[in-house]
Amino acid sequence: VAAGNNGAEASLFSPAHVSDAITVAASDITDYETSWSNYGDAIDIFAGGEDIVSTGIDNMTAIEIASGTSMSAAYVTGLVAMFLTTGKYTPTELKKFLNESALHDILEYV
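For every chain, the first residue of its written sequence is number 1, and the numbers climb from 1 along that sequence. Local features in a predicted model are, by the rule used here, given only for residues with pLDDT of at least 70; side-chain atom pairs are given and counted only at 80 or more, and totals for whole chains, interfaces and linings are based on all residues. As a rule here, side-chain values cover all heavy atoms of the structure and leave hydrogens and water aside.

What to know about helix H2 (residues 91-101)
The cut-off we apply is this: Only protein chains enter the calculation, and the probe is 1.4 Å; a residue is then buried if its accessible area is under 20% of its type maximum, exposed if over 50%, and partly exposed in between. A run of H or I in DSSP becomes a helix once it reaches four residues, and a run of E becomes a strand once it reaches two; helices and strands are each numbered from the N terminus. The arc in question is formed by the directions pointing from the helix axis toward the C-beta atoms.
Restricting attention to buried positions, one finds in H2 the residues Leu94, Lys95 and Leu98. Across the axial projection of H2, the buried residues extend over an arc of 105°, all falling on one side. Residues of H2 that are exposed and point over 90 degrees away from its buried face: Thr92, Lys96 and Glu100.

Describing the layout of surface pockets
For the record, the criterion: Points on a 1 Å grid, built from protein atoms alone, make a cavity when a 1.4 Å probe fits but cannot get out and make a pocket when they are open with protein on both sides within 12 Å along at least 5 of 7 lines; residues with an atom within 4 Å of a point are the lining residues. Grid points are joined across faces, edges and corners, and a volume is the space filled by probe spheres set on the points. Residue type decides the class: Asp, Glu, Lys and Arg count as charged, Ala, Val, Leu, Ile, Met, Phe, Trp, Tyr, Cys and Pro as nonpolar, and the leftover types, Gly among them, as polar.
Each pocket or cavity is described by its volume, and for the largest pocket that value is around 470 Å³. The wall of the largest pocket is formed by 17 residues, among which Ile45, Phe46, Leu103, His104 and Leu107 lie closest to the centre. Elements with a contribution of two residues or more to the lining of the largest pocket: strand E2 (45-48) and H2. Considering every element that reaches the lining of the largest pocket, the biggest residue donor is E2, with 3 residues. Residues belonging to the lining of the largest pocket are distributed by class as follows: 10 nonpolar, 5 polar and 2 charged.

Regarding the pattern of salt bridges
Inclusion rule: Any carboxyl oxygen of Asp or Glu that lies within 4 Å of a side-chain nitrogen of Lys or Arg is treated as forming a salt bridge with it.
A complete count under the given rule lists 2 salt bridges for this structure. The shortest N-O distance in the salt bridge between Asp44 and Lys95 comes to 3.6 Å. Pair noted here: Asp44 is in the loop between strand E1 (24-27) and E2 and Lys95 is in helix H2, with a separation of 51 residues, a long-range link. For Asp44, a relative accessible area of 27% translates into the label partly exposed. Ionic pairing is found between Lys96 and Glu100, a salt bridge with its closest N-O pair at 3.8 Å. Taken together, the residues span about one helical turn, with Lys96 and Glu100 both in helix H2 at a distance of 4 residues.

Some details on the nonpolar core
Inclusion rule: Here, nonpolar core refers to any group of buried Ala, Val, Leu, Ile, Met, Phe, Trp, Tyr and Cys residues whose side-chain atoms link them within 4.5 Å. Contact criterion: two residues are considered in contact whenever any of their non-hydrogen atoms come within 4.5 Å of each other.
Core analysis: the biggest nonpolar cluster contains 10 residues, these being Ile22, Val24, Ile45, Ala47, Ala73, Val76, Val80, Phe83, Leu94 and Leu98. Taken together, the elements giving at least two residues each to this core come down to E2, helix H1 (69-84) and H2. The dominant element in this core, judged by the number of residues it contributes, is H1, at 4 residues. Setting aside residues up to four positions removed in sequence, Leu98 forms contacts with Ile22, Val76, Leu79 and Val80. Among the nonpolar cores identified, the runner-up in size contains 6 residues, and Ala3, Ala16, Ala25 and Ile43 belong to it.

Notes on the confidence of the model for the chain
We apply this condition: pLDDT measures how confident the predictor is about each residue, on a scale from 0 to 100.
Across the chain, pLDDT averages 94, with 98% of residues at or above 70. Confidence, read as mean pLDDT per element, is least for H2 in the chain (93) and greatest for E1 (97).

A look at the packing of aromatic side chains
Two aromatic rings are characterised by how far apart their centres lie and by the angle between their planes. Selection criterion: Stacked, edge-to-face and tilted are the three classes for Phe, Tyr and Trp ring pairs, Trp counted by its six-membered ring, which pair at centre distances within 6.5 Å; planes under 30 degrees apart are stacked, over 60 edge-to-face, the rest tilted.
One pass over the structure, following the stated rule, counts 3 aromatic pairs. Plain terms: the ring middles of Phe83 and Tyr89 are 5.8 Å apart, the flat faces sit at 90° to each other, and that makes the pair edge-to-face. Looking at Tyr89, the relative accessible area reads 25%, which means it is partly exposed. Note on Phe83 and Phe97: the rings are 5.3 Å apart at their centroids and 65° apart in plane angle, and the pair reads as edge-to-face. Pair noted here: Phe83 is in helix H1 and Phe97 is in helix H2, with a separation of 14 residues, a long-range link. Members of the aromatic cluster, connected to one another through ring pairs, are Phe83, Tyr89 and Phe97.

And the structure:
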């Protein structure tokens with residue numbers, strides 16, 4: 001789930017505070033946590049969330065540049081969906097696997 005874009009403690013917001021969820025915060029292209037991403041112990045993983053090329057609404061080929069933890073959560077959601085379809089992981093096992101497999105100590109000031 002998206003951590004939220006309040007620049008505040010994620011555990012104060014729903015659904016980011018749900019311990020069974022994979023709560024995703026946003027980083028920028030320079031490997032810093034964005035100033036607006038929610039933060040704290042409720043965060044499970046970071047993913048790019050600033051200036052993401054996304055689909056637009058004007059027509060079938062429209063694009064837009066968007067920022068937010070919903071952009072970050074989309075990356076992680078796609079990865080989770082891919083792994084769950086293999087049948088090799090339960091959601092709980094997959095959350096643990098992501099935590100163990102993620103690069104650690106990469107982001108600055110987190």
